[in-house]
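Here are the chains, one letter per residue:
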Amino acid sequence: MTEWSFQLYSARNHPPLSTTLQLLAELGYTQVEGFGGLYDQATELRQDLDRNGLSMPTGHFGLALLQDQVDDARRIIETLGVETVICPHLTVEQRPANAEGWKQMAETLNAVGKPYLSAGLGFGWHNHDFEFVPLENGQTPMEILLENSELGWEMDLAWVVRGKADPQEWIRRYGNRLCAVHVKDIAPAGENPDEDGWADVGHGVIDWPGLYTQLRQTPAQWYVMEHDKPSDVARFARRSLETVQSFAE
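Residues numbered from 1 in each chain as written. Predicted model: local features only at pLDDT ≥ 70, side-chain atom pairs only at ≥ 80, totals over all residues. Heavy atoms only, no water.

What to know about the pattern of salt bridges
Step number 1: Summed over the entire model, instances satisfying the criterion amount to 13 salt bridges.
Step number 2: For Lys-184, the salt bridge is made with Glu-226, and the minimal N-O distance between the two is 3.0 Å. Taken as a pair, Lys-184 in the loop between strand E7 (178–183) and strand E8 (185–186) and Glu-226 in the loop between strand E10 (222–225) and helix H10 (233–247) lie far apart in primary sequence, 42 residues in all.
Step number 3: Overall, the relative accessible area of 1% leaves Lys-184 in the buried class.
Step number 4: Across the pair Arg-239 and Asp-200 runs a salt bridge, and its minimum N-O distance is 2.9 Å. On the criterion of sequence distance, the pair formed by Arg-239 in helix H10 and Asp-200 in the loop between strand E9 (198–199) and helix H9 (208–215) is long-range, its members being 39 residues apart.
Step number 5: Of the residues examined, Arg-239 reaches a relative accessible area of 27% and is grouped as partly exposed.
Step number 6: For Asp-200, a relative accessible area of 2% translates into the label buried.
Step number 7: Taken together, the shared-partner salt bridges in this structure form one network comprising Asp-156, Lys-184, Glu-226 and Asp-228. (Salt bridge = Lys/Arg side-chain N within 4 Å of Asp/Glu carboxyl O. Helix = DSSP H or I, 4+ residues; strand = E, 2+ residues; numbered from the N terminus. Buried < 20%, exposed > 50% of the residue type's maximum accessible area, 1.4 Å probe, protein only.)

Some points on the side chain of His-182
Step number 1: Within the secondary structure, His-182 is located in strand E7.
Step number 2: Here the side chain of His-182 touches Glu-226 through a polar contact of 2.8 Å, side chain to side chain.
Step number 3: Every residue in contact with His-182, bar those within four places of it in the chain, is listed here: Gln-7, Glu-33, His-60, His-126, Glu-154, Met-155, Asp-156, Leu-157, Trp-208, Val-224 and Glu-226. (Polar contact = N/O pair within 3.5 Å; in protein donor to acceptor, adjacent residues only side chain to side chain. Contact = heavy atoms within 4.5 Å.)

Quick word on the packing of helix H1 (residues 17–27) against H10
Step number 1: Between H1 and H10, whose axes approach to 10 Å, the crossing angle comes to 20 degrees. Classified by the angle their axes make, H1 and H10 are roughly parallel. Our pair here, H1 against H10, has a crossing hand that is right-handed. Residue-level inspection shows Leu-23, Leu-24 and Leu-27 of H1 in contact with H10, the latter providing Ala-234, Ala-237, Arg-238 and Leu-241.
Step number 2: When grouped by side-chain class, the residues that make up the contact of H1 with H10 number six nonpolar, no polar and one charged. (Axes fitted to C-alpha atoms, helices over the stretch in contact; angles between N-to-C directions. Parallel < 35°, antiparallel > 145°, perpendicular 65-115°, else oblique. Left-handed = near helix turned anticlockwise from the far one by under 90°. Nonpolar A, V, L, I, M, F, W, Y, C, P; charged D, E, K, R; others polar.)

Given below as structure tokens:
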């Protein structure tokens, strides 16, 4: 039985966090995923998670923190009980311009991940859409990252679609690298402009029942609900959980 997680980035515009955690617990979530903006008060956050019976098995950590402040990152990870560390993003300025640059980025991420892997943690990459734009040699950055590293992959399936790639094909090719999945949906064209075109899970265009069946054949351990800009976080959390519970065992 899948334990559904919730990326707390979805609620960043809907404070206070303590109210969101209580809501998630009441709805039936058992897990959450952290992101960088929450870690300054890691001890207090852990206490709030414990009060609500929630755990944080995965967390997003910026590259600079993971690379340059390993002791600080490890302290946060241990405090919150994170099991798998996810590096989530590169700014435009950080993104390599060619295939060779992406190979070097894969090597960098291999090196960055070593102290965390050595500590018994998982270490992975979370995609957006830019990793699926073909480079001068015809490859995509995502292919290069996966083929030149030991990274796990937290697949943000909706960003794969926005990157004009076929998630089914990517799961077939690289499903063995999946450690987690972002469960996310895209509104029909022209809908939900105030939410940047995202949708509650099951209320958009992505075939989540079919893809979930395919994903269950992979090693992906965590399924994390996310919406980048919900106008009503309680509605998103409730309707999305109702959707996935309707087709998952």
